[in-house]
Amino acid sequence: MIVQLKDRVCENIVQAVDVGRKYSLGLCEHQALLGVNFNLKKNDFAAIAGPSGSGKSTLLNILGCLERPSNGDVLIEGISTQKFNTFELAEFRAHRLGFIFQTFNLIPTLSALENVEYPLLLLKLKAKDRRLQAEEALVKVGLEKFLKSRPNEMSGGQRQRVAIARAIVKKPVLILADEPTANLDQKTAREILDLMQRLNVEDGISVLFSSHDGEVLKRASSVTYLVDGQVWNPKERGNLLVA
Amino acid sequence: MIASAVACIILFEGFTFNMVEGLRETTIETQTGHLQIASQSFWEKKKLRPKDNLIPNYTKILAELNRDKRIKYAAGRLEFFGLLSHGDESISTRVTTVDPFKERSRNKYFNFRKGRELSHKRPFEVAVGSGLAKKLSIETGSQVTVLTHTYDGIVNAMDFKVSGIFQTDIAEFDDNTLLMPLKTAQRLLDTKAVEQIVIGLNSSRDTKSVMESMAPKLSSLAPETDIKTWFQLATLYKQVSMFNSVQNTIIQMILMTLVLLSIANTVGMSIMERTGEIGTLRALGEQRASVVVQFLFEGFVLGTTGVLIGTLGGIGLAHFFNSLNIPIVFPGASSPIFIKIAVLFSAMAKAGISGIVITVLAALLPAYRSAKMNIVQALRHNI
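Keep in mind it's a predicted model, so treat the numbers as computed, not measured. (Residues numbered from 1 in each chain as written. Chains lettered and ligands numbered in written order. Predicted model: local features only at pLDDT ≥ 70, side-chain atom pairs only at ≥ 80, totals over all residues. Heavy atoms only, no water.)

Caption draft 1: Spatial organisation of the overall build of chain A. Per the secondary structure count, chain A includes nine helices and 10 strands. Within chain A, the proportion of its 243 residues that are buried is 51%. The contacts in chain A between residues at least 6 apart in sequence include a share of 72% that link residues at least 24 apart. Within the structure as shown, chain A displays about 11,600 Å² of accessible surface, and the carbon and sulfur contribution to it stands at 50%. (Helix = DSSP H or I, 4+ residues; strand = E, 2+ residues; numbered from the N terminus. Buried < 20%, exposed > 50% of the residue type's maximum accessible area, 1.4 Å probe, protein only. Contact = heavy atoms within 4.5 Å. Areas by Shrake-Rupley, 256 points an atom, 1.4 Å probe, with all protein chains shown as cover.)

Laid out in C-alpha cells, this is it:
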C-alpha cells in the first residue's frame, strides 16, 4: 500500500467524503461530525476553524488516521482508507503523515535528537542515516545547539520546534497540527507559524492545522469553518462570528 | 521483589537438598545399604517361620558380589528382636548385625559418641544406640544380656560388653537398636545363614546398573531371592523427600504469585504513567505489536536484573548462613545438625527461568491493554 502511494501524483492530498463521527457517552450519543466534505490540495497551508466542541480535533484525528469515521470515507492521495486495517493505518501514518500536537508530546526520556530520530526508526533506516536526517531537521528548525537537550530543559517554543522537526524529518505528504500555537505566547506562536509556513513553501509539505485564534487563521491559505460538527458555509447558513 | 523471591528459592532449595541428601546417606549407610538381597518371602513377609527366609548359600553370592569393583562392601545381615537387660532393667530391642571387617566404612556414619566401634577381634562386644543406652543407663564397658529365640524356637541368651554408644541422625533408630557382630548373632540364633545381603556401593549413581547386572546372576545362584534398591526400602526418606518436594513447590508457587502480582502492578503503573507516550508513539506509526514487545522487553529486563541480583544475593546468603554454623534439630533426628545450604545450579536455573518467565507473563496483560489503547484518548494524557 505504501509502495503504491510513494510515487503517486494526486491533486488532492486528503479528501473527506460525507464523514460522520458519533460517540457513545453512557446511554447518550454525541454526534461530533456530520456529513463533512473536505478537500486539501497539494502544497496547501490550510486551517480548520471553529469554536470549542465544533469537531476540529475530531476531524483532524480522522484525517490523520488516528481514528475511524462512523460513516463516510477519507481518501489520502486518492486512495480510500476505509478498508485499511490497524496495521496498515499505522504503517500509513509512519510513512506519509506528520503530527504536531498542542502539548508537543515529546518523549521526556529522549533528547531532542532522539525524539526526532524516532519516526525514522519506524521506517527502519540505518542508524547513521537516521542521525544525519534528524540533525538536518533540527538545524532547519533552528535547534542545532539543542541536539542533546531533553524536553524538560527547553522552552515551550523550542519543544514545539522539536515537534515540528519530528514531523518533517520523514518528509511526509501532509502535516496535521492540532492547535499548534495554543500553548505558546504570541511572539513564539508567530515564530512557529513562520517556521511552518517556510517549510510549507520550501519543502512543499501540505499543512493542515486547527485553531480558533483569528490571528493564526489569517496565515492560512484557506480556512474551513466547523460549527456543531458540520462545515459552515456562509452562503447557505448566514454569518457566524468566529472567536 | 523478584530478587528476594529468587534468593529465597535458592536458599530454600539448597537447605532442603542438604537435609534430604544427609538423610539419604545416613539411611543408606546405617540401615539399608544401596542394595539388599533377600528371599521373596522375606520381602513379602508371608512366611510365619523366619527360618524359611534365610539364605543358606550367602557366601557364594558374596563371592560373586565382591568381584564387582563398583561395590564397596557386601555383607550378610540378620535382624531380630530380643530382650536387652542391664542390671535389673530389660527392654525389647531390635538387633541388627554388622560385619565389623567388611563394613568398616560404615562406622563413621554411626558416629560413636562414646567408646569404640565393633571389631571382628572382639566378638562379644556390642554397640548400643544413644537413646537405648539412656533408657537402660548403659555406659561403655557395661555388661548386658541379650535374650532371644533361635530360628528353631529355642530360647537362647548371651552376655556382652558394650564397646560403644552410637548416635546416627535418626532418633527412632538410636532409641531401639543394638549392633552385634554377624558371626556372634549367627551363634546366638544358631544358624550359619543370613536373612539379607546388604551391598554398599562406591557411588549411589551405580545403584541401578549394579542391580541390573546382579539380577541375572542371582536368578542362577539363588532363584528364590530378589534384589531391592535403597529407595524401595527407605520409607522415611521417601516421605521426607516427598514432603519437601511438595513444600518447595508450594513455597515457589506462593513466591512466584507474589512476583506476578507485583510485576503486573509495576508494569501497569508504568503504562498508566506513560499513556501519553504510548499514544504519541502509536500516532507516529508505531505498531501495536511493537508496543507489546517493548513492554514485554521491559518486563524481561526487569526480570533478568532481578534474577541476577537475587542469584548473587542467594549465593552470598548461603555462604553467610553456612559460616554461622546455626544448629537445628529436625523432627525425628536425635541430635542437632548445623544448617548447611548447598548452592545448587539446578535451583538457580529453576528460580532464574521461572523468575524471568513470570515477569514477562506479568507484563503481558498490561502490555496488551496498552497496545489496544485508543490513540486519541491516550494522546489526551499530557506528557
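Caption draft 2: The arrangement of the layout of surface pockets in detail. One number sums up the size of the largest pocket: a volume of about 990 Å³. Lining the largest pocket are 39 residues, and of these F42, K45, E79, R94 and Q196 of chain B lie nearest its centre. Elements with a contribution of two residues or more to the lining of the largest pocket: α1 (2-32), α2 (40-44), β3 (79-86), β4 (89-98), β7 (143-149), α6 (171-176) and α10 (235-273) of chain B. For the lining of the largest pocket, a count of residues per class yields 15 nonpolar, 14 polar and 10 charged. In this structure, the second largest pocket is lined by 36 residues; those nearest its centre are S57, N61 and D178 of chain A together with V376 and R380 of chain B. (1 Å grid on protein atoms, 1.4 Å probe; cavity = no way out; pocket = protein on both sides within 12 Å on 5 of 7 lines; lining within 4 Å. Points joined across faces, edges and corners; volume = space filled by probe spheres on them. Nonpolar A, V, L, I, M, F, W, Y, C, P; charged D, E, K, R; others polar.)

Caption draft 3: A look at the environment of I37 of chain B. All names here are of chain B. By secondary structure assignment, the location of I37 is in strand β1 (residues 35-39). According to the relative accessible area criterion, I37 is buried, its value standing at 0%. For the pair formed by I37 and G76, sequence separation is 39 residues and the distance between their alpha carbons is 9.2 Å. Residues within four places of I37 in sequence aside, it is in contact with W43, I55, I61, L65, E195, Q196, I197, I199, L218, T225, D226 and I227.

Caption draft 4: Representation of the pattern of salt bridges within the structure. All names here are of chain B. Overall, the coordinates contain 20 salt bridges over all chains when judged by the stated rule. Taking the shortest distance from any N to any O, the salt bridge between E13 and K350 comes out at 2.9 Å. Here E13 is found in helix α1, whereas its partner K350 is found in helix α13 (residues 345-372), with 337 residues between them in sequence. Under the relative-accessibility criterion, E13 is labelled buried at 11%. Between R116 and E125 there is a salt bridge whose closest N-O contact spans 3.1 Å. (Salt bridge = Lys/Arg side-chain N within 4 Å of Asp/Glu carboxyl O.)

Caption draft 5: Inspection of the sheet that holds strand β11 (residues 225-229) of chain B at higher detail. All names here are of chain B. Read across the sheet, four strands follow the order β2-β10-β1-β11 without closing on themselves; strand pairing throughout is antiparallel. Bordering the open sheet on either side are β2 (71-77) and β11, each of which pairs with just one other strand. For this sheet, the mean inter-axis angle between neighbouring strands, taken without regard to orientation, is 20°. In this structure, β1 lies alongside strand β10 (residues 196-201), joined through four bridges in antiparallel fashion. (Pairing = 2+ DSSP bridges. Axes fitted to C-alpha atoms, helices over the stretch in contact; angles between N-to-C directions.)

Caption draft 6: Representation of the nonpolar core in the model. By size, the foremost hydrophobic cluster in this structure holds 43 residues, and its most contacted members are L65, L178, M180, I197 and I199 of chain B. Contact partners of M180 of chain B, with chain neighbours within four places excluded, come to F80, V95, T96, T97, V98, L118, V126, V146, F160, A185 and L188 of chain B. With 39 residues, the next largest nonpolar core counts L106, A134, I175 and V216 of chain A among its residues. (Core = buried A, V, L, I, M, F, W, Y, C linked by side-chain atoms within 4.5 Å.)

Caption draft 7: Region of interest: the side chain of E77 of chain A. Mapped onto the elements of the fold, E77 of chain A is located in the loop between β4 (71-76) and β5 (79-80). A distance of 2.8 Å separates a polar atom in the side chain of E77 of chain A from a polar atom in the side chain of R96 of chain A. (Polar contact = N/O pair within 3.5 Å; in protein donor to acceptor, adjacent residues only side chain to side chain.)

Caption draft 8: Summary view of the environment of D178 of chain A. All names here are of chain A. One can find D178 in strand β7 (residues 174-178). Sequence separation between D178 and Q102 is 76 residues; the distance between their C-alpha atoms is 5.8 Å. Excluding residues within four positions of it along the chain, D178 makes contact with S57, L60, I100, F101, Q102 and S210.

Caption draft 9: Examining the interface of chain B and chain A more closely. Taken residue by residue, the interface counts 17 residues in chain B and 20 residues in chain A. Contact between chain B and chain A buries roughly 1,700 Å² in total, counting both sides, with carbon and sulfur atoms accounting for 60%. Between the two partners, chain B and chain A, sit six residue pairs in polar contact (both at pLDDT 80 or more). Elements with a contribution of two residues or more to the side of chain B that touches chain A: α11 (275-284), α12 (288-324) and α14 (375-379) of chain B. The biggest single contributor to the side of chain B that touches chain A is α11 of chain B, with seven residues. The residue inventory of the side of chain B that touches chain A, partitioned by class, reads seven nonpolar, six polar and four charged. (Buried area = accessible area lost by both parts, 1.4 Å probe.)

Caption draft 10: Region of interest: the pairing of β7 of chain A. Residue and element names in this part refer to chain A. Extensive coverage of β7 is indicated by the burial of five of its five residues. Along β7, one buried face is formed by L174, L176 and D178 and the opposite face, lined by I175 and A177, is buried too. Two elements, strand β6 (residues 97-100) and β7, share four bridges in a ladder whose sense is parallel. Counterpart to G98 in the pairing with β7 is I175. Where β7 and strand β8 (residues 206-211) come together, five bridges link them in parallel fashion. Within β8, the residue paired with A177 across the bridge is F209. Handedness of the β-α-β unit built from β7, helix α7 (residues 186-203) and β8 comes out right-handed. (Right-handed = clockwise from strand over helix to strand, strands pointing away.)

Caption draft 11: Expanded view of the sheet that holds β6 of chain A. All names here are of chain A. Strand order in this open sheet of six strands is β6-β7-β8-β3-β9-β10, and the pairing throughout is mixed. Of all strands in the sheet, those bounded by a partner on one side alone are β6 and β10 (230-231). Across five bridges, the pairing between strand β3 (residues 45-49) and β8 is parallel. Bridging across to β8, A49 finds its partner in S211.

Caption draft 12: Summary view of the packing of aromatic side chains. Counted under the stated rule, the structure contains 12 aromatic pairs over all chains. Seen from their ring centres, Y225 of chain A and W232 of chain A are 5.7 Å apart, and the 85° between their planes marks the pair as edge-to-face. For Y225 of chain A, a relative accessible area of 25% translates into the label partly exposed. Classification of W232 of chain A by relative accessible area gives buried; the value is 11%. Each ring, one from F112 of chain B and one from F166 of chain B, has its centre 6.2 Å from the other, and the planes form 70°; the classification is edge-to-face. Pair noted here: F112 of chain B is in strand β5 (residues 112-115) and F166 of chain B is in strand β8 (residues 155-166), with a separation of 54 residues, a long-range link. F112 of chain B sits in the buried class, given a relative accessible area of 19%. Taken together through their ring pairs, the aromatic side chains of F112, F166 and F173 of chain B make up a single cluster. Directly above the aromatic system of F231 of chain B lies the positively charged group of K238 of chain B, at a separation of 5.5 Å from the ring centroid. (Phe/Tyr/Trp six-rings, centres within 6.5 Å; stacked < 30°, edge-to-face > 60°. Lys NZ or Arg CZ within 6 Å of the ring centre and 35° of its normal.)

Caption draft 13: Fine view of helix α8 (residues 207-221) of chain B. Residues and elements named next belong to chain B. The first and last C-alpha atoms of α8 sit 20 Å apart over 15 residues, in line with the 21 Å expected at 1.5 Å per residue. Approximately 35° is the largest bend angle found in α8, and it occurs at A215, with the proline P216 only one to four residues beyond. If you check which residues of α8 are buried, you get T207, V210, M214 and L218. Against β1, α3 (58-65), β2, β10, β11 and α9 (230-233) lie the buried residues of α8. (Expected span 1.5 Å × (residues − 1). Bend = angle between axes of the 7 residues up to and from the residue.)

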